[in-house]
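# Structural features, examined
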Amino acid sequence: KEISTAYEVLSDPEKRRIYDQYGEDALKEGMGGGGGVDPMDIFNSFFGGGAPRQRKTQDVMHKLSVPLEELFTGSTKKLALNRHIADGQGRVTKKKEVLEVRIERGMEDGKKIVFKEKADEMPGAITGDVILVVSQQQHPRFKRSGPHLTMEKEITLKDALCGYQFAFKHLDKRQVVVSSPPGASTDPGSWICVEGEGMPIKGNQFNRGNLFVHLNVKFPKPDELGPETLLQLGKLLPAQEPVEVEEEADLHNGKATSEEQIVQQLKAGARGRGQGGDAYDESDEEDHHGHPFGGGQQVQCQQQ
């Protein structure tokens, strides 16, 4: 209160004249004007404060679901918004507005597209932004990793031994044909690289990433071939190196198991170890599944 009174006296020439001639008591007796001063006005006067900071209406965020095909080819989408509009008289009305959203080729998942000052309006306030966050839809064939794509492909045993050729429809509906190098055989679980058939690289529309294909060899079951065919195959295929079985050797028959069962047993074994043992790291399992970006079999690059 004392600060407010002092500022009022110093800022008013008439009150200051009364104070200089008759003292503080004269002001208290009513010779000066009444009414206090807001202390924030004093603070702003001394420290350069001006008008109060202008408010901003809240930004609006929307998830924009985009198919992988549109991220590959590019597209334009329309988004309808209902927003509040303020006129010059301070009245606020509701208005429907359509935004045109451009999806660029090679745009990444999680990319933010900002429309400045397209949120709700309020009198005397700065209008907020509309922010669209790109959400890439899952694709039944392709998986994306940055500029690269991966896919799974099953081939027959004959394809693996004698050479393969397969075709598929790409994201832009082109047919892509992939063949093995002449005279090459394919190991089960191999990866091949088809150069330039990945995602477009943003900023360089003439360049694209690569497509990595995981080849799974489907082996025929014995009952699908028959005894005579198996006998003929045994004569045609390279002979197995004979094994000299020792008299006291332990004999076992291999039992088929899945990768998931192996991982479960490894985890169970890790939990049962003492603190002195080596801990099982789940990332070891994740990093060595033959994925082209995390270890595994060497990737063969192939040009069309």
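What you see is a predicted model; the values in this text were computed from it and never measured. (Residues numbered from 1 in each chain as written. Predicted model: local features only at pLDDT ≥ 70, side-chain atom pairs only at ≥ 80, totals over all residues. Heavy atoms only, no water.)

## Quick notes on the overall build of the chain
Here is the rule: In this description a helix means any DSSP run of H or I spanning at least four residues, a strand means any run of E spanning at least two, and both kinds are numbered starting from the N terminus. Relative accessible area decides the class of each residue, using a 1.4 Å probe on protein chains only: under 20% of the type maximum gives buried, over 50% gives exposed, and in between gives partly exposed. Note on definitions: a residue-residue contact is assigned when non-hydrogen atoms from the two residues lie within 4.5 Å.
What the chain contains, in helices and strands, is ten helices and 14 strands. For the chain, the proportion of its 304 residues judged to be buried stands at 25%. In the chain, the share of contacts with a sequence separation of at least 24, taken over all contacts with a separation of at least 6, comes to 59%.

## Looking at the pairing of strand S13 (residues 211–218)
What counts here: Only when DSSP finds a minimum of two bridges between them are two strands counted as paired.
The buried fraction of S13 amounts to six of the eight residues, a majority that puts the element mostly inside the structure. In terms of strand pairing, strand S7 (residues 148–156) meets S13 through eight bridges, oriented parallel. If you follow Glu-154 over to S13, its bridge partner there is Asn-216. Pairing of strand S10 (residues 191–194) with S13, which is carried by four bridges, proceeds in the antiparallel orientation. Across the sheet, residue Cys-193 finds its bridge partner in S13, namely Phe-212.

## Section: the pattern of salt bridges
The criterion, for reference: Salt bridge criterion: a side-chain nitrogen from Lys or Arg within 4 Å of a carboxyl oxygen from Asp or Glu.
By the definition in use, this model includes twelve salt bridges. Of the charged contacts in the structure, one is a salt bridge between Lys-56 and Asp-59, with a shortest N-O distance of 3.8 Å. In this structure Lys-56 comes out as partly exposed when scored by relative accessible area, which is 48%. A residue is classified by how much of its surface remains accessible, and Asp-59, at 32% relative accessible area, is partly exposed. Here the salt bridges do not stand alone but share partners, grouping Lys-56, Asp-59, Lys-116 and Asp-129 into one network.

## A word on a nonpolar patch on the surface
Test applied: In this analysis, a patch consists of residues with relative accessible area above 30% that form no salt bridge, clustered at 9 Å for like charges and at 5 Å for the nonpolar side chains Val, Leu, Ile, Met, Phe, Trp and Tyr. Per-residue and other accessible areas were derived by the Shrake-Rupley procedure at a 1.4 Å probe size, with only the shown protein chains allowed to occlude residues.
Among the surface-exposed residues, Leu-161, Leu-230, Leu-233, Leu-236 and Leu-237 lie close enough to one another that they form a single nonpolar patch of about 460 Å² accessible area. When residues of the nonpolar patch are assigned to their parent elements, the largest contribution, three residues, is made by helix H8 (residues 227–236). Locating Leu-230 in the fold gives a position in helix H8. Overall, the relative accessible area of 38% leaves Leu-230 in the partly exposed class.

## A short note on the environment of Lys-94
Within the element layout of this structure, Lys-94 appears in strand S3 (residues 92–103). Residue classification places Lys-94 among the exposed positions, given a relative accessible area of 62%. Through-space distance from the C-alpha of Lys-94 to that of His-84 is 4.5 Å; in sequence the pair is ten residues apart. Apart from the residues within four sequence positions on either side, Lys-94 is in contact with Arg-83 and His-84.

## Observations concerning the confidence of the model for the chain
Should pLDDT be low for a region, the predicted coordinates there are not to be read in detail. Using the following cut-off: Each residue carries a pLDDT score, the predictor's own confidence in it, on a scale running from 0 to 100.
Per-residue pLDDT for the chain has a mean of 81; in total, 72% of the residues score no lower than 70. Per-element averaging of pLDDT across the chain places helix H10 (residues 282–287) at the bottom with 50 and strand S9 (residues 175–179) at the top with 97. Segment residues 285–289 is flagged for pLDDT under 50; beyond a separation of four residues in sequence, or across chains, it makes eight contacts in the model.

## Overview of a negative patch on the surface
Applicable threshold: Residues counted as positive are Lys and Arg, residues counted as negative are Asp and Glu, and His and the chain ends are not counted. Note that the charge is assigned to NZ on lysines, CZ on arginines, CG on aspartates and CD on glutamates.
Taken together, the side chains of Glu-244, Glu-246, Glu-247 and Glu-248 define an acidic patch exposed on the protein surface. Here Glu-246 shows up in the loop between H8 and helix H9 (259–272).

## Overview of the pairing of S7
Sheet topology places strand S6 (residues 143–145) next to S7; three bridges connect them, and they run antiparallel. Of the residues in S7, the one forming a bridge with Arg-144 is Leu-149.

## Some thoughts on the side chain of Glu-97
Definition in use: Here a polar contact is taken to be a pair of N or O atoms separated by no more than 3.5 Å, where protein atoms must pair a possible hydrogen donor with a possible acceptor and residues adjacent in sequence count only if both atoms sit in side chains.
One can find Glu-97 in strand S3. At a separation of 2.7 Å, a polar atom in the side chain of Glu-97 contacts the side chain of Lys-118.

## Points about the sheet that holds strand S4 (residues 112–115)
Within a sheet, adjacent strands bond to each other through the backbone by hydrogen bonds, running parallel or antiparallel. Here is the rule we go by: Axes here refer to lines fitted to C-alpha atoms; in helices the fit is confined to the stretch in contact. Angles between the N-to-C directions go from 0 to 180 degrees.
With respect to topology, three strands assemble into an open sheet ordered S1-S5-S4, the strand pairing being mixed. Across the chains shown, the open sheet's two edge strands, defined by having one partner strand only, are strand S1 (60–66) and S4. Between one strand axis and the next, the sheet turns through 25 degrees on average, direction left out of account. Relative to strand S5 (residues 130–136), S1 is paired through seven bridges, and the arrangement is parallel. In the sheet register, Met-61 faces S5, and the bridge partner there is Ile-131.

## Digging into unusual backbone geometry
Positive phi is not limited to glycine here, since Glu-117 has a value of about 55 degrees. A positive phi angle is found at Lys-173, which is not glycine, with a value near 75 degrees. Residue class for Lys-173 comes out exposed when judged on its relative accessible area of 72%.

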